[in-house]
Amino acid sequence: MLRLPFRSHLLRTCHYSSYVSKMRYLMRLKEDDEACQKALQSGTILLYHKLAPLLRRTEMGTYELPVLQVLDVSEILNKLGKDKQLLNNSVLTGCSDSHVAQFSLDVGSLEQAALEELCVGVFMDLRKAFFLLKNSDVSLVTRGQALLRWHQNHRYCSATGQLTERNQAGSQRVCNSSGITYYPQMAPVVIVLVSDGKRCLLARQSSFPQGMYSALAGFCDMGETVQETLQREVAEEVGLELESVRYSGSQHWPLPQSSLMIGCHGLVRPGSTQINLSGSELEHARWFTLQEIQEALQRKRPSRNSKGGPSAFWVPPSYAIANQLIQEWASQQLPL
Ligand SMILES: NC(=O)c1ccc[n+]([C@@H]2O[C@H](COP(=O)([O-])OP(=O)(O)OC[C@H]3O[C@@H](n4cnc5c(N)ncnc54)[C@H](O)[C@@H]3O)[C@@H](O)[C@H]2O)c1
Ligand SMILES: [Mg+2]
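Caption draft 1: Molecular detail of the overall build of the protein chain. Looking only at helices and strands, the protein chain features 10 helices and 16 strands. Taking 336 residues into account, the globule formula puts the C-alpha radius of gyration at 20 Å, and the protein chain, at 22 Å, falls close to it. A principal-axis box enclosing the C-alpha atoms of the protein chain has dimensions of 65 × 50 × 45 Å. Counting all 336 residues of the protein chain, 43% fall into the buried class. For the protein chain, long-range pairs separated by at least 24 residues make up 64% of all intrachain contacts whose partners lie at least 6 apart in sequence. Side-chain charges in the protein chain split into 34 positive and 31 negative, and the spacing between the mean points of these groups amounts to 4 Å.

Right, dumping it as structure tokens:
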């Protein structure tokens, strides 16, 4: 049975007037190009270079996400001799409590080193940034990257082949020839931490970083329910049958394209725990004890042996919903 616990923070906060007014303001900016253009003048911007976000090293040696004022970016463009019209390529990704609009902009057409010097930062691959930024910043930066990528990949109408035109917020693109409106897309993906009641099952694909194991995941097929995808994926990938599933939470995942990860816990039938890998997707899968999982959760970074390989298995970084499912499972195994 799929149970959906109503414990989202949104449900607790949606009656706050500041939350409602923020959402209404953002809605207006998506619908009204002129209002959005005005908001851009006094907004803030996250910069990307060919979809790699700009990060700044702090005095403590950690990394943060520099949130630049639009005016500062305008000045930087000026110093590089570039037209500030480039700012109009920004996409709206949110707003502060005081209604300062937040945008993301890819400046991949400009010289990277010069930009990094002027911005006092470094453009870094998003996969690396996952390990360096705090989770709330990862969430911000993935949202911007996903929307920018969608625009870069959807410039043409698939019916007419004509260039499409975006609105100022970047929340849609329209083909003036066919009249088709395109909206940013995400693929629904299930991710399930399978347990036999005492152990949990993790697996790895050969494309994963060395030593990393994760929960089972898979794209929803057309026409499937979440429950059906969960059962099919577990059967396909490890040859097991789920007895029950429980919804845990969801997450937007930007790699390799935008997905909506639907995170669940699954229980297999007792006595039916024999793993049977099929196809080429998984390189290895096995059951892990609570102690093994607790040790892996303690490792902040993959530990290395003398040959540079992983000395022990490790799990995805704390931002990933796989990690959150594993943490949740481990905490539920402990005696009260
Ligand atoms: N956030 C997390 O914690 C986390 C953890 C694990 C996996 N993931 C993500 O989940 C996604 C799916 O996992 P998977 O690779 O095991 O899926 P999967 O088991 O469905 O296998 C991928 C294959 O499915 C096919 N496929 C069907 N629909 C597709 C679509 N819309 N887009 C791309 N391929 C499609 C392709 O042949 C592809 O090779 C991956 O993108 C991965 O990055 C996220
Ligand atoms: Mg899979």
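Okay, back to it.
Caption draft 2: Up close: the site of ligand 1. Neighbouring ligand 1 are 19 residues, the closest being Ala-217, Phe-219, Glu-237, Glu-281 and Ala-322. Here a nitrogen atom of ligand 1 sits 3.1 Å away from a polar atom, N or O, in the side chain of Gln-251. Within the side chain of Glu-281, a nitrogen or oxygen atom sits 2.8 Å from an oxygen atom of ligand 1. Put simply, ligand 1 lies in the second largest pocket. At the level of elements, β11 (187-195), β13 (216-219), α8 (226-238), β14 (242-253) and α10 (321-333) are the ones that each hand at least two residues to the shell around ligand 1. Of the residues assigned to the shell around ligand 1, the class counts are 12 nonpolar, 4 polar and 3 charged.

Caption draft 3: Quick look at the environment of Gly-218. Along the polypeptide, Gly-218 turns up in strand β13. Sequence separation of Gly-218 and Pro-188 is 30 residues, and the distance between their C-alpha atoms is 8.8 Å. Beyond its immediate stretch of four places on either side in the chain, Gly-218 contacts Val-189, Val-190, Thr-229 and Glu-233.

Caption draft 4: Structural context of the packing of helix α2 (residues 17-31) against helix α3 (residues 33-41). Contact geometry of α2 with α3 gives a least axis separation of 5 Å together with a crossing angle of 110 degrees. Judged by the angle between their axes, α2 and α3 are roughly perpendicular. On the side of α2, the interface is formed by Tyr-25, Arg-28, Leu-29 and Glu-31, while α3 contributes Asp-33, Ala-35, Cys-36 and Ala-39. Within the contact of α2 with α3, the residues separate by chemical class into 5 nonpolar, no polar and 3 charged.

Caption draft 5: Quick look at the layout of surface pockets. Its volume calculated, the second largest pocket comes out at about 940 Å³. The set of elements that each furnish at least two residues to the lining of the second largest pocket consists of α6 (126-132), β11, β12 (200-204), β13, α8, β14, β15 (259-268) and α10. Residue composition of the lining of the second largest pocket, by class: 24 nonpolar, 7 polar and 7 charged.

Caption draft 6: Looking closely at the side chain of Gln-145. Mapped onto the fold, Gln-145 is located in helix α7 (residues 135-153). With residues up to four places along the chain from it excluded, the contact list for Gln-145 reads Tyr-48, Leu-51, Leu-126 and Pro-254.

Caption draft 7: Layout of the coordination of the magnesium ion (ligand 2). Only Ala-217 (O), Glu-237 (OE) and Glu-281 (OE) from the protein coordinate the magnesium ion (ligand 2), and they sit 2.1 to 2.2 Å from it. Each donor residue of the magnesium ion (ligand 2) lies on one chain, and together they are spaced A-x19-E-x43-E. Here Glu-237 is found in helix α8, whereas its partner Glu-281 is found in the loop between β15 and β16 (284-288), with 44 residues between them in sequence. Overall, the relative accessible area of 4% leaves Glu-237 in the buried class.

Caption draft 8: Structural view of the sheet that holds strand β10 (residues 181-182). With antiparallel pairing, the 3 strands of this open sheet are ordered in space as β8-β9-β10. With partners counted over all chains shown, the strands left at the sheet margins are β8 (165-166) and β10, one partner each.

Caption draft 9: Looking closely at the pairing of β15. Counted residue by residue, β15 has 8 buried out of 10 residues, so it is predominantly covered. By the bridge criterion, 9 bridges tie β11 to β15 in an arrangement that is parallel. Bridging across to β15, Pro-188 finds its partner in Leu-260. Note: β14 against β15, 10 bridges, orientation antiparallel. Looking across to β15, one finds that Val-245 is bridged to Gly-266. Hairpin connection from β14 to β15: 5 residues lie between these consecutive antiparallel strands.

Rules used throughout
Residues numbered from 1 in each chain as written. Chains lettered and ligands numbered in written order. Predicted model: local features only at pLDDT ≥ 70, side-chain atom pairs only at ≥ 80, totals over all residues. Heavy atoms only, no water. Helix = DSSP H or I, 4+ residues; strand = E, 2+ residues; numbered from the N terminus. Rg over C-alpha atoms; globule rule 2.2 N^0.38 Å. Buried < 20%, exposed > 50% of the residue type's maximum accessible area, 1.4 Å probe, protein only. Contact = heavy atoms within 4.5 Å. Lys, Arg positive; Asp, Glu negative; His and termini not counted. Charge placed at Lys NZ, Arg CZ, Asp CG, Glu CD. Near = heavy atom within 4 Å. Polar contact = N/O pair within 3.5 Å; in protein donor to acceptor, adjacent residues only side chain to side chain. 1 Å grid on protein atoms, 1.4 Å probe; cavity = no way out; pocket = protein on both sides within 12 Å on 5 of 7 lines; lining within 4 Å. Sits in = over half its atoms within 2 Å of the grid points. Nonpolar A, V, L, I, M, F, W, Y, C, P; charged D, E, K, R; others polar. Axes fitted to C-alpha atoms, helices over the stretch in contact; angles between N-to-C directions. Parallel < 35°, antiparallel > 145°, perpendicular 65-115°, else oblique. Points joined across faces, edges and corners; volume = space filled by probe spheres on them. Donors = N, O, S within 2.8 Å, 3.2 Å for Na, K, Ca; no water. Pairing = 2+ DSSP bridges.

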